[in-house]
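Summary of structural features
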Amino acid sequence: MEHLDPTDREKILSSIRTIPDFPKPGIQFKDITTLLNNPDAFGTLMTHLEKRYAGRNLDYIAGIDARGFIFGAALADRLGIGFVPVRKKDKLPYTTVSEKYSLEYGFDEVEIHIDAFGEDTACRSDAPRVLLVDDLLATGGTASAASRLIGRVGADCVECCFILELGFLKGREKIDAPVYSVIEL
Ligand code: AMP
């Protein structure tokens, strides 16, 4: 099952609440805490992702700070593969590689451990196959920076997966990898 059926789509979508004007006026914040505390909806989502990605020959899931950690780590466990965090600047303790990306005002930065996918990945002909996961795709700045990081430490970002996509922001056009969103709004 590659795509979600309409009943499951409705179950997952109705479990996510929208908070107007958070964290600032004009933003419709998609709050996934109400999905996480609903075991039926969360389980349906994770089973869908497990079915979609089992058999894709993935080596790792990389999750984006912070909500991508929750879905990414749960999926990695279901698939029996490793999980790698892509974190905001200055959070990772070992040697890192970093990428800047632009925000509405200014810049932000994400980092990954240099050995996140094992030592000497740059010298290997069979680059580890990585799925990048986050909760929501908006402008695409965060995910495109994270996918560049995966490439810079010698792995292959084979797909970027989001639970929700704000399609009108056209974020997927910024990302240099295939994009799958469970629910496009
Ligand atoms: P962007 O880089 O613009 O694609 O923003 C994506 C990141 O910001 C993701 O990590 C999301 O968790 C967060 N984000 C952006 N917009 C929203 C929103 N409306 N509701 C919840 N999270 C958001």
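This section reports on the structure supplied with the text. (Residues numbered from 1 in each chain as written. Predicted model: local features only at pLDDT ≥ 70, side-chain atom pairs only at ≥ 80, totals over all residues. Heavy atoms only, no water.)

Description of the overall build of the protein chain
Spelled out, the test is: Secondary structure elements follow DSSP: runs of H or I no shorter than four residues count as helices, runs of E no shorter than two count as strands, and numbering proceeds from the N terminus. Our radius of gyration is a C-alpha quantity, and the globule rule it is checked against amounts to 2.2 Å times the number of residues to the power 0.38. In what follows, residue pairs with any heavy atoms lying within 4.5 Å of each other are defined as contacts.
When helices and strands are counted, the protein chain shows five helices and nine strands. When the helices and strands of the protein chain are listed from N to C terminus, the series reads α-β-β-α-α-β-α-β-β-β-β-α-β-β. A globule of 185 residues ought to have a C-alpha radius of gyration of about 16 Å, and the protein chain, at 16 Å, matches this closely. Overall, the C-alpha framework of the protein chain stretches about 45 × 40 × 30 Å when taken along its three principal axes. For the protein chain, contacts bridging at least 24 residues in sequence account for 57% of all contacts bridging at least 6.

Overview of the nonpolar core
Basically, it comes down to this: Among buried residues, those of type Ala, Val, Leu, Ile, Met, Phe, Trp, Tyr and Cys that are joined through side-chain atoms within 4.5 Å constitute a nonpolar core. Three exposure classes are used, based on accessible area relative to the maximum for each residue type with a 1.4 Å probe and protein chains only: buried under 20%, partly exposed in between, and exposed over 50%.
With 26 residues, the main nonpolar core has Ile112, Phe117, Leu132, Ile150, Cys160 and Ile175 as its most contacted residues. Looking at this core, the elements that each hand over two or more residues are β3 (60-64), β4 (82-88), β5 (96-102), β6 (107-113), β7 (129-137), α5 (141-152) and β8 (156-165). No other element matches the five residues that α5 contributes to this core. In contact with Cys160, other than residues within four places in its own chain, are Leu131, Leu132, Ser147, Ile175, Ala177, Pro178, Val179 and Tyr180.

Quick word on the packing of helix α1 (residues 6-15) against helix α3 (residues 39-53)
Just so we agree on the cut-off: Orientation is described by lines fitted to C-alpha atoms, with helices fitted over the stretch in contact, and by angles between N-to-C directions that extend from 0 to 180 degrees. Convention used here: angles under 35 degrees read as roughly parallel, angles over 145 as roughly antiparallel, angles from 65 to 115 as roughly perpendicular, and any remaining angle as oblique. Definitions for this section: a left-handed crossing has its near helix turned counterclockwise from the far helix by less than a right angle. A right-handed crossing has that turn clockwise. Asp, Glu, Lys and Arg are counted as charged, while Ala, Val, Leu, Ile, Met, Phe, Trp, Tyr, Cys and Pro are counted as nonpolar; the rest, among them Gly, fall into the polar class.
Running from amino to carboxyl end, α1 crosses α3 at an angle of 125°, the nearest separation of the two axes being 9 Å. With respect to each other, α1 and α3 are oriented oblique. In the packing of α1 onto α3, the handedness of the crossing is left-handed. Across the interface between the two elements, Asp8, Lys11, Ile12 and Ser15 of α1 pack against Asp40, Ala41, Thr44 and Leu45 of α3. Considered class by class, the residues forming the contact of α1 with α3 number three nonpolar, two polar and three charged.

With respect to the sheet that holds β8
Put simply, the test is: Pairs of strands are assigned from DSSP output, requiring at least two bridges between the strands.
Strand order in the open sheet made by the seven strands is β5-β6-β4-β3-β7-β8-β9, with mixed pairing throughout. Of all the strands in the sheet, the pair left with one neighbour each is β5 and β9 (179-184). If you compare each strand with its neighbour and ignore which way they point, the axes differ by 25° on average. Bridging between β7 and β8 involves eight bridges; their strand directions are parallel. Residue pairing in the sheet places Val130 in a bridge with Cys157 of β8. Together, β3, β4, β5, β6, β7 and β8 form the strand contacts of α5, whose direction differs from that of β5 by roughly 155°.

Some details on the pattern of salt bridges
Put simply, the test is: Salt bridges are defined by distance alone: a side-chain nitrogen of Lys or Arg within 4 Å of a carboxyl oxygen of Asp or Glu.
Applying the stated criterion across every chain yields a total of 11 salt bridges. Residue Arg52 pairs with Glu159 through a salt bridge whose shortest N-O separation is 2.9 Å. With Arg52 in helix α3 and Glu159 in strand β8, the pair connects residues that are 107 residues apart, well separated along the chain. Across this residue pair, the class does not change: Arg52 and Glu159 are buried. Of the charged contacts in the structure, one is a salt bridge between Arg148 and Glu99, with a shortest N-O distance of 2.8 Å. Separated by 49 residues along the polypeptide, Arg148 in helix α5 and Glu99 in strand β5 bring together distant segments of the chain. According to the relative accessible area criterion, Glu99 is buried, its value standing at 13%. Three or more residues joined by partner-sharing salt bridges are found here, namely Arg52, Arg56 and Glu159.

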